[in-house]
Amino acid sequence: MIIVLQIMQNIKEIFSNITKDDYEHGLVNLHIHTKFSDGSGEPRQILDYAKNNGYKYISITDHNCWNAHYEVSDEMLITGAEFDCWHHAIFMHLLAYGFDINNPEMEKFMAKNKEETESAMLRLFSKRNVADLINAIHHAGGIAVLAHPACYWAFSLDSFVKSLIKLGLDGIELYYPYPRFRRVVKFHKNSAVERIANHYPQLIRTGGTDFHGEIFGE
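Residues numbered from 1 in each chain as written. Predicted model: local features only at pLDDT ≥ 70, side-chain atom pairs only at ≥ 80, totals over all residues. Heavy atoms only, no water.

K.L.:
What exactly am I supposed to notice about the pairing of strand β4 (residues 90–97) here?
P.N.:
Where a strand is regular, its side chains alternate between the two sheet faces. Buried residues dominate β4, accounting for seven of its eight residues. Sheet topology note: the strand β3 (residues 77–87)/β4 ladder contains eight bridges and is antiparallel. From the neighbouring strand, W86 faces β4, where its bridge partner is F91. Hairpin connection, β3 to β4: the antiparallel pair is bridged by two residues, and H88 has positive phi, about 55°. (Buried < 20%, exposed > 50% of the residue type's maximum accessible area, 1.4 Å probe, protein only. Helix = DSSP H or I, 4+ residues; strand = E, 2+ residues; numbered from the N terminus. Pairing = 2+ DSSP bridges.)

Below is the structure:
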């Protein structure tokens, strides 16, 4: 248990040293998808590009799986995954960072097949329990972050986030461009997300581009 807490503290320290400018100037990208879910890029190409172009940190966060992290590893590559789940009748995405990819508690949350990583329709039927998922992430030494919060159909986004904090939520994805269809499926303003982040200063602020393409950096 002490080792797990040390691992969690290490990832929190890394995140605490990442600045807003790092996210906005393309030095850190903690939301990247590859061929292992609904992206098309190769993990090795993504990592090599980041290493050759001055990135401090990146994280590959494929849907409901972390196969890419069995294929590539590096000090600048933070273990990640993006999970589909429901909370208070709201479909949401929970990002996990820094967890032990070999931790057995995480296995039950992993996709059973490729369709569960790429089919948006199939992923809507997720039965992952958020409280259990957050606990498993913590037990695996990781942290749990709410992805693209402006997209959730919550009458009160503040209340929604507060309820997740009670379950152990560690962070909120603040520096996010809302690309592709999320420009349309967006129910709250970026300013509302920032107000919530300011209201709950204990939340770690993260960010990323939600990259799904083939050639990272283009």
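K.L.:
Would you take a moment to explain the sheet that holds strand β5 (residues 143–146) for this structure?
P.N.:
One key point about sheets: their strands pair by backbone hydrogen bonds, in either a parallel or an antiparallel sense. Taken in spatial order, the seven strands of this open sheet run β1-β2-β3-β4-β5-β6-β7, and their pairing is mixed. Every interior strand has two partners, whereas the edge strands, β1 (28–32) and β7 (204–207), have only one. Averaged over neighbouring strand pairs, the angle between their axes works out to 35° when direction is ignored. Where β1 lies against strand β2 (residues 57–60), three bridges are found, and the strand directions are parallel. By the bridge assignment, I32 is partnered in β2 with I60. This element, helix α10 (residues 190–199), spans β6 (171–175) and β7 of the sheet and lies at about 140° to β6. (Axes fitted to C-alpha atoms, helices over the stretch in contact; angles between N-to-C directions. Contact = heavy atoms within 4.5 Å.)

K.L.:
Explain the environment of Y23 here, please?
P.N.:
Inspection of the secondary structure assignment puts Y23 in helix α2 (residues 20–24). In this structure, the C-alpha to C-alpha distance between Y23 and G208, residues 185 residues apart in sequence, is 6.9 Å. If sequence neighbours within four positions are ignored, Y23 has contacts with I18, V28, L30, Y175, R205, T206 and G207.

K.L.:
Is there a simple way to think about the packing of aromatic side chains in this case?
P.N.:
Under the definition given, this model contains 10 aromatic pairs. Seen in terms of ring centroids, F15 and Y97 are 5.3 Å apart; in terms of plane orientation they differ by 55°. Their pairing is tilted. Of this pair, F15 sits in helix α1 (residues 2–16) while Y97 is found in strand β4, placing the two residues 82 residues apart along the sequence. F15 gets classed as buried once you look at its relative accessible area, which sits at 2%. Centroid distance F211 to F216: 5.1 Å. Interplanar angle 75°. Geometry classified as edge-to-face. (Phe/Tyr/Trp six-rings, centres within 6.5 Å; stacked < 30°, edge-to-face > 60°.)

K.L.:
Explain the packing of helix α9 (residues 157–166) against α10 to me, please; I cannot follow it from the model alone.
P.N.:
Each pair of packed helices gets described by two things: the angle between the helix axes and the distance between those axes. Put simply, α9 and α10 touch, their axes get as near as 10 Å, and they point 40° apart. If you check the angle between α9 and α10, you find them oblique. Taken as a pair, α9 and α10 cross one another with a handedness that is right-handed. Two secondary-structure elements touch here, α9 through L157, D158 and V161 and α10 through V193, I196 and H199. When its residues are assigned to classes, the contact of α9 with α10 shows four nonpolar, one polar and one charged. (Parallel < 35°, antiparallel > 145°, perpendicular 65-115°, else oblique. Left-handed = near helix turned anticlockwise from the far one by under 90°. Nonpolar A, V, L, I, M, F, W, Y, C, P; charged D, E, K, R; others polar.)

K.L.:
Would you explain the side chain of D84 in this entry?
P.N.:
Assignment of secondary structure puts D84 in strand β3. In this structure D84 comes out as buried when scored by relative accessible area, which is 0%. Polar side-chain contacts of D84 include one of 2.7 Å to the side chain of H93. Residues within four places of D84 in sequence aside, it is in contact with H63, N64, F91, M92, H93, R123, S126 and R128. (Polar contact = N/O pair within 3.5 Å; in protein donor to acceptor, adjacent residues only side chain to side chain.)

K.L.:
How should the nonpolar core be read in this particular structure?
P.N.:
Among soluble globular proteins, nonpolar side chains are generally buried collectively. In terms of nonpolar packing, the biggest core is built from 56 residues, with M92, L94, F160 and V161 touching the most fellow members. Sorting elements by how many residues they give to this core places β4 first, with six residues. If we ignore the near neighbours within four places in the chain, the residues touching F160 are H87, I90, M92, L146, Y152 and A154. Of all hydrophobic cores here, the second largest spans 13 residues; its members include A50, I60, A68 and F216. (Core = buried A, V, L, I, M, F, W, Y, C linked by side-chain atoms within 4.5 Å.)

K.L.:
How should helix α3 (residues 43–52) be read in this particular structure?
P.N.:
Every buried residue of α3 is accounted for by P43, I46, L47 and A50. Burial along α3 is one-sided: seen end-on, the buried residues are contained in an arc of 95°. Elements in contact with the buried residues of α3: β1, β2, α4 (68–71) and β3. Positive backbone phi, at 75°, marks G54, one or two positions downstream of α3. (Arc of directions from axis to C-beta.)

Everything listed here is a matter of geometry and, on its own, says nothing about what the molecule does.
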